[in-house]
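Structural features, examined
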Amino acid sequence: MLVTGLLIGIALGFVMQRGRFCVTGAFRDLWVTGNTRWLTAFLIVIAVQSVGVFTLDALGVISLSSSPFPWLSTIGGAFIFGFAIVLAGGCATGTYYRAGEGLVGSWLALIFYALFSAVSKTGALAPAVTAIRGVTVEASTVHGVLGVSPWLLVAALAVAVAALARHHLRRRPAAPMATLPARKRGIAHLLFEKQWGAFSTALVIGVLAILAWPLSWATGREAGLGITGPSSNIVNYLVAGDAEVIDWGVYLVIGILLGAFIAAKASGEFRVRIPDALTTVRSIGGGALMGIGASLAGGCTIGNAMVNTATFQLQGWVAFGFMIVGVGAATRLFITGPSKARLAAAGQGSASTASEHESMRS
Amino acid sequence: MAQHVLETDGQVCPFPLVEAKEAIALLAIGDELVINFDCTQATDALPRWAADAGYPVTNFDRVGSAAWTITVQKA
């Protein structure tokens, strides 16, 4: 039933587009504003999925296995991937769903991400990636290292995430938040217009991430959500014609693209948008580095930071941490650093206005 | 009270927000900043920033397919 991959993908793309769920944004906010609202949403997905996955494992629906932790490639690859998603303006899923919104920059990032995933997994860089991934330690899971039941970690994560969510839900902004005027009613308003809450969006994504496990398992692909492997498989299929590589994951990522397109189109949020020269170069470079980084790390923000964390793999949590560090480095280099420099330069002029500021920039 | 316009069409997040912050820093209290943008995620990020900063939003609307405008008053 490969078609279940397509359905989960469509649902995921739809929810991510409508909920404005962006992992790059969640990690970037930490460095730009220090805000943890979207990071909390991301952690909700991990916690919800964690409860589901260990329940499925206990019920024997799936059986979680583990392998030695490739620490070197995880650290290096996650840093590269984190750095790259700031350049590309979105992580792997973010790039898929923005491509569905019509952003040509994301089309380019997506093409180069898929291409360099294949180059790194099965192409010219594969021997190097395999060699670096061969540097391992004989430990695989957090609960294994600590010698505790995984349920203890699941409970600790759930409590911590609930406390964070409560903190954000209790916070009141200084002024009421403006919303777009409603033009639709009923279910159309809810699906195609209303601003979805970050945390309710996260709950839905968490449920979809749980469903992905048994549905993918049933087709012989023994994993949860994953983006990089399937993207590489698409390239391999297209250039080598090997239909064997078309698995549940391939249907999933195509579904994300479709779901995001449906959501954007029905909400009046689809338009083919052409990036400027700088954004184009960054999208291509970012996409290529994403492919290399994710292949080294053994997964992207979804496969590693959202799924391997839920199963408490060391690889998942270490990748999660170093992706945030990589995002921080690129944010400082390309976003906050230049912004501070412009503000300092503008502050020197006594009668600066917004329009002068505009002309100074260009 | 003066009104200033910031065009960010074609820029992906977080640049509309980053530029809005830079632009509003240079305005006088009471002045309005009109931000035109086409990054979908900014429909969340910009009004949230205004609310957190305590800046009133005097206009927030769609102006076409995947195109929005928001007017933030410096307070």
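What counts, and where the lines are drawn
- Residues numbered from 1 in each chain as written.
- Chains lettered and ligands numbered in written order.
- Predicted model: local features only at pLDDT ≥ 70, side-chain atom pairs only at ≥ 80, totals over all residues.
- Heavy atoms only, no water.
- UniProt positions renumbered as here; feature names shortened; annotations may be inferred.
- Core = buried A, V, L, I, M, F, W, Y, C linked by side-chain atoms within 4.5 Å.
- Buried < 20%, exposed > 50% of the residue type's maximum accessible area, 1.4 Å probe, protein only.
- Helix = DSSP H or I, 4+ residues; strand = E, 2+ residues; numbered from the N terminus.
- Contact = heavy atoms within 4.5 Å.
- Axes fitted to C-alpha atoms, helices over the stretch in contact; angles between N-to-C directions.
- Parallel < 35°, antiparallel > 145°, perpendicular 65-115°, else oblique.
- Left-handed = near helix turned anticlockwise from the far one by under 90°.
- Nonpolar A, V, L, I, M, F, W, Y, C, P; charged D, E, K, R; others polar.
- Pairing = 2+ DSSP bridges.
- Buried area = accessible area lost by both parts, 1.4 Å probe.
- Salt bridge = Lys/Arg side-chain N within 4 Å of Asp/Glu carboxyl O.
- Polar contact = N/O pair within 3.5 Å; in protein donor to acceptor, adjacent residues only side chain to side chain.
- Right-handed = clockwise from strand over helix to strand, strands pointing away.
- Phe/Tyr/Trp six-rings, centres within 6.5 Å; stacked < 30°, edge-to-face > 60°.
- Lys NZ or Arg CZ within 6 Å of the ring centre and 35° of its normal.

As annotated in an unreviewed UniProt entry, chain B is Oxidoreductase from Cryobacterium adonitolivorans.

As recorded by an unreviewed UniProt entry, chain A carries the name YeeE/YedE family protein and is attributed to Cryobacterium adonitolivorans. Among the UniProt annotations of chain A, the heading Subcellular location (unreviewed entry) holds the following wording: "Cell inner membrane". Of the comments in the UniProt record for chain A, the one headed Sequence similarities (unreviewed entry) reads "Belongs to the TsuA/YedE (TC 9.B.102) family."

Ranked by internal contacts, the top residues of the largest apolar core, which has 84 residues, are Phe27(A) and Leu225(A). Broken down by element, the residue count for this core peaks at twelve residues, all from helix α3 (residues 37-59) of chain A. Discounting residues that sit within four places of it in the chain, Phe27(A) has contacts with Leu39(A), Phe42(A), Thr301(A), Phe320(A), Met323(A), Ile324(A) and Val327(A). By size, the runner-up hydrophobic cluster in this structure holds 22 residues, among which are Ala20(B), Ile35(B), Leu46(B) and Phe60(B).

Before going further, it helps to examine the packing of helix α2 (residues 23-32) of chain A against helix α16 (residues 314-348) of chain A. Residues and elements named next belong to chain A. Between α2 and α16, the least distance of the axes is 9 Å, while the angle of their chain directions is 60°. Classified by the angle between their axes, α2 and α16 sit oblique to one another. α2 and α16 meet at a crossing whose hand is right-handed. Where α2 abuts α16, its residues Phe27, Arg28, Leu30, Trp31 and Val32 lie against Phe320, Met323, Ile324, Val325, Val327, Gly328, Thr331, Ile335 and Thr336. The residue inventory of the contact of α2 with α16, partitioned by class, reads ten nonpolar, three polar and one charged.

Another point: the environment of Val23(A). Residues and elements named next belong to chain A. Locating Val23 in the fold gives a position in helix α2. Since its relative accessible area comes to 2%, Val23 is described here as buried. When the C-alpha positions of Val23 and Met306 are compared, they lie 9.7 Å apart, and in sequence the two are 283 residues distant. Not counting the four nearest positions on each side in its chain, Val23 is found in contact with Phe42, Cys91 and Thr301.

Looking at the element boundaries, Arg221(A) is found in the loop between α11 (198-217) and α12 (228-240). When sequence neighbours within four positions are dropped, the list of residues in contact with Arg221(A) reads Ser216(A), Gly226(A), Asp247(A), Trp248(A) and Gly249(A).

Take the pairing of strand β3 (residues 57-64) of chain B next. Bridge count for β3(B) against strand β4 (residues 67-73) of chain B is six bridges, and the pairing is antiparallel. Across the sheet, the residue bridging to Gly64(B) is Ala67(B), located in β4(B).

This part takes up the interface of chain B and chain A. Every contact between the two is made by 38 residues of chain B and, on the other side, 44 residues of chain A. Summed over both sides, the interface between chain B and chain A buries roughly 3600 Å², with carbon and sulfur atoms accounting for 55% of that surface. When the area that chain B buries against chain A is broken down by residue, the three leading residues are Glu22(B), Leu26(B) and Arg62(B), summing to 19%. Arg183(A) is the salt-bridge partner of Asp61(B), the closest N and O atoms lying 2.9 Å from each other. Our count for the chain B to chain A interface comes out at 20 residue pairs in polar contact (both at pLDDT 80 or more).

This part takes up the pairing of strand β2 (residues 32-37) of chain B. Residue and element names in this part refer to chain B. In terms of burial, β2 is largely enclosed, as six of its six residues are buried. Where burial is concerned, the two faces of β2 agree: the one with Glu32, Val34 and Asn36 and the one with Leu33, Ile35 and Phe37 are both buried. In this structure, strand β1 (residues 3-7) lies alongside β2, joined through five bridges in parallel fashion. Bridging across to β2, Gln3 finds its partner in Glu32. Taken together, β1, helix α1 (residues 15-25) and β2 form a β-α-β motif whose crossover is right-handed. In the sheet, β2 pairs with β4 via six bridges, with the strands oriented antiparallel. Opposite Glu32, over in β4, you have Gln73 as the bridge partner.

A word on the UniProt feature "transmembrane region" (unreviewed entry) in chain A. The residues that UniProt annotates with the feature "transmembrane region" (unreviewed entry) are residues 38-62, 69-90, 96-116, 148-165, 196-215, 245-264, 284-305 and 317-335 of chain A. This span, residues 69-90 of chain A, is 82% helix and 0% strand, and a straight line between its end C-alpha atoms measures 27 Å.

Bringing the side chain of His168(A) into the picture now. As for its placement among the helices and strands, His168(A) is situated in helix α9 (residues 150-170). Setting aside anything within four residues of it in sequence, one finds His168(A) in contact with Asn35(A), Thr36(A), Arg37(A), Thr40(A) and Phe199(A).

Attention now moves to the packing of aromatic side chains. Evaluation of the coordinates by the stated rule reveals 16 aromatic pairs over all chains. An angle of 20° between the planes, with centres 5.9 Å apart, marks the rings of Phe312(A) and Trp317(A) as stacked. When the centroid spacing of 5.7 Å and the interplanar angle of 80° are considered together, the rings of Trp49(B) and Tyr55(B) count as edge-to-face. Each member of the pair, Trp49(B) as well as Tyr55(B), carries the same accessibility label: buried. Here the aromatic cluster, defined as three or more aromatic residues joined through ring pairs, consists of Phe27(A), Phe42(A), Phe54(A), Trp151(A), Phe312(A), Trp317(A) and Phe320(A). The positively charged end of Arg98(A) is found above the aromatic ring belonging to Tyr97(A), 5.2 Å away from the centroid.

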